[in-house]
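Analysis of the macromolecular model
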Amino acid sequence: MKVGFIGLGNMGAPMAANLAKAGHLVTGFDIAAPCPEGVTPAASAPEAAAGQNVVITMLPNGDILRAVAAEIIPAMERSAVFLDCSTVDVDSARAVAREAEAAGLLPLDAPVSGGVGGAQAGTLTFMAGGSDEGFARVEPLLDVMGQKAVHCGASGAGQAAKICNNMILGVTMIATCEAFALADKLGLDRRKMYDVVSTSSGYSWTMNAYTPAPGIGAKSPADNDYQPGFSAELMLKDLRLSQQAAQAVDADTPMGEAATALYERFVEHEGGRGKDFSAMLPRFERRGRG
Ligand code: NAD
């Protein structure tokens, strides 16, 4: 397929490179980052978008997505697919989809889970919102970039699934870290704690697959001085999106709210910026109840 790829950062560059490696004709554009190997550089976003079967965006936030969409929608071929893989607020996803649809395009919001490692290895999970036809058209591309793609429903459903998943992830990471720090203070060996919890009802992805304690359980950023991985800032971004969405639909999410407040404090006042989101564990180690 002919693919335009806009936003070639930590995630976009390896995703675009994997598509090119699989034999697709990929043209890329980014305001700052260089094109990865195999991707033909374009001089602007509209140039990257013109004449393509599918245009993929992988951008930092909803405002930037809206701005790029306004530039590229008029340049795109009618009935092309506009596949946005960024994590953005549900309102921006739906607004961009409405504009794309009005221009005769097939919009899909398809944020990803799996991080930079998943993008490089082509093992991302996609959660998509949009039409059946649009989803079917991009499935061969999703198969290259990921290991699983779930069509969650209409426009916005992909972003809804993403923020619900990541709200669970943020809350669970905090629960896992505070339990490790409590175990320390109770004199319980971390390895024993891991052996019990990872095979008991407290098990979770954060405990079993992303263990936040160095040298214990799954290999994770904790074993590399908490270099991200998935940064605390990105977790805070997703938690804020979850709370923005909860507010918009009057959903009661007290644990999500508490997790947002904790990550906000961690990133803005407690040295969490630039650290993996599992660095909550040393944060809890340092603190008492006050
Ligand atoms: P990044 O900052 O590394 O990449 C974003 C890229 O967009 C940058 O290279 C930037 O120059 C480019 N850009 C910004 N404005 C642009 C414009 N107007 N035109 C063209 N390019 C523009 O971020 P990332 O880590 O690649 O994340 C991208 C998206 O994926 C975000 O929405 C993020 O929340 C989501 N995401 C990231 C991860 C992760 O682990 N990094 C995991 C899942 C989802």
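Residues numbered from 1 in each chain as written. Predicted model: local features only at pLDDT ≥ 70, side-chain atom pairs only at ≥ 80, totals over all residues. Heavy atoms only, no water.

Notes on the site of the ligand
Selection rule: For each residue, the test is whether any non-hydrogen atom lies within 4 Å of the molecule or strand; if one does, the residue is near. Here a polar contact means two N or O atoms within 3.5 Å. Within protein one must be a hydrogen donor candidate and the other an acceptor candidate, and residues neighboring in sequence count only if both atoms are side-chain atoms. For the area figures, the Shrake-Rupley method with a 1.4 Å probe applies, and any residue is considered shielded solely by the protein chains shown. Comment: elements are numbered from the N terminus, with helices defined as DSSP H or I runs of at least four residues and strands as E runs of at least two. Note on residue classes: Ala, Val, Leu, Ile, Met, Phe, Trp, Tyr, Cys and Pro are nonpolar, Asp, Glu, Lys and Arg are charged, and everything else, Gly too, is polar.
Near the ligand lie 25 residues; those nearest to it are Asn10, Met11, Asp30, Leu59 and Lys237. Within the backbone of Asn10, a nitrogen or oxygen atom sits 2.9 Å from an oxygen atom of the ligand. Within the backbone of Thr87, an N or O atom sits 3.0 Å from an oxygen atom of the ligand. When the ligand sits alone it has 830 Å² of accessible area, and the protein chains cover 85% of it. Elements represented by at least two residues in the shell around the ligand include exactly helix 3 (62-72), helix 5 (115-121) and helix 10 (232-249). Of the residues contributing to the shell around the ligand, the split by class is 16 nonpolar, six polar and three charged.

Some points on the packing of helix 3 against helix 4 (residues 90-102)
Threshold: Note on definitions: angles span 0 to 180 degrees between N-to-C directions of axes, and those axes are lines fitted to C-alpha atoms, for helices only across the stretch in contact. Convention used here: angles under 35 degrees read as roughly parallel, angles over 145 as roughly antiparallel, angles from 65 to 115 as roughly perpendicular, and any remaining angle as oblique. Note on contacts: a residue pair qualifies if any of its non-hydrogen atoms lie within 4.5 Å across the two residues.
Where helix 3 meets helix 4, the closest approach of the two axes is 9 Å, and the angle between their N-to-C directions is 10°. The angle between helix 3 and helix 4 falls in the class roughly parallel. Residues Gly62, Leu65, Arg66 and Ala69 of helix 3 form the contact with helix 4, whose own contacting residues are Asp91, Ser92, Ala95 and Val96. Of the residues assigned to the contact of helix 3 with helix 4, the class counts are four nonpolar, two polar and two charged.

Some points on the pairing of strand 9 (residues 146-153)
Test applied: What makes two strands pair is DSSP finding at least two bridges between them. Clockwise travel from the first strand over the helix to the second, with the strands pointing away from the viewer, marks a crossover as right-handed.
With six bridges connecting them, strand 8 (residues 124-130) and strand 9 associate as parallel partners. Among the inter-strand pairings, Gly129 is bridged to a residue of strand 9, identified as Gly153. Each parallel crossover has a hand, and for strand 8 linked through helix 6 (residues 132-145) to strand 9 it is right-handed.

Thoughts on the environment of Gly9
One can find Gly9 in the loop between strand 1 (2-6) and helix 1 (12-21). In sequence terms Gly9 and Leu188 are 179 residues apart; their C-alpha atoms lie 42 Å from each other. Setting aside chain neighbours within four positions, we find Gly9 in contact with Pro14 and Asp30.

A few points about helix 8 (residues 190-197)
Operational definition: Burial here depends on accessible area, computed with a 1.4 Å probe over protein chains only, as a share of the maximum for the residue type. Under 20% is buried, over 50% is exposed, and the range in between is partly exposed. Working definition: the arc comes from the directions between the helix axis and the C-beta atoms, pointing outward to the latter.
For helix 8, the full list of buried residues reads Arg190, Met193, Tyr194 and Val197. Taken around the axis of helix 8, the buried residues stretch over an arc of 100°, which confines them to a single face. For helix 8, the exposed residues set more than 90 degrees away from the buried face come down to Lys192 and Val196. In this structure, the buried side of helix 8 is in contact with helix 7 (157-185), helix 9 (205-208) and helix 12 (280-286). With a side-chain oxygen positioned 2.9 Å from the backbone nitrogen of Arg191, the residue opening helix 8 is Asp189.

Function cannot be read off these values alone, since they describe shape.
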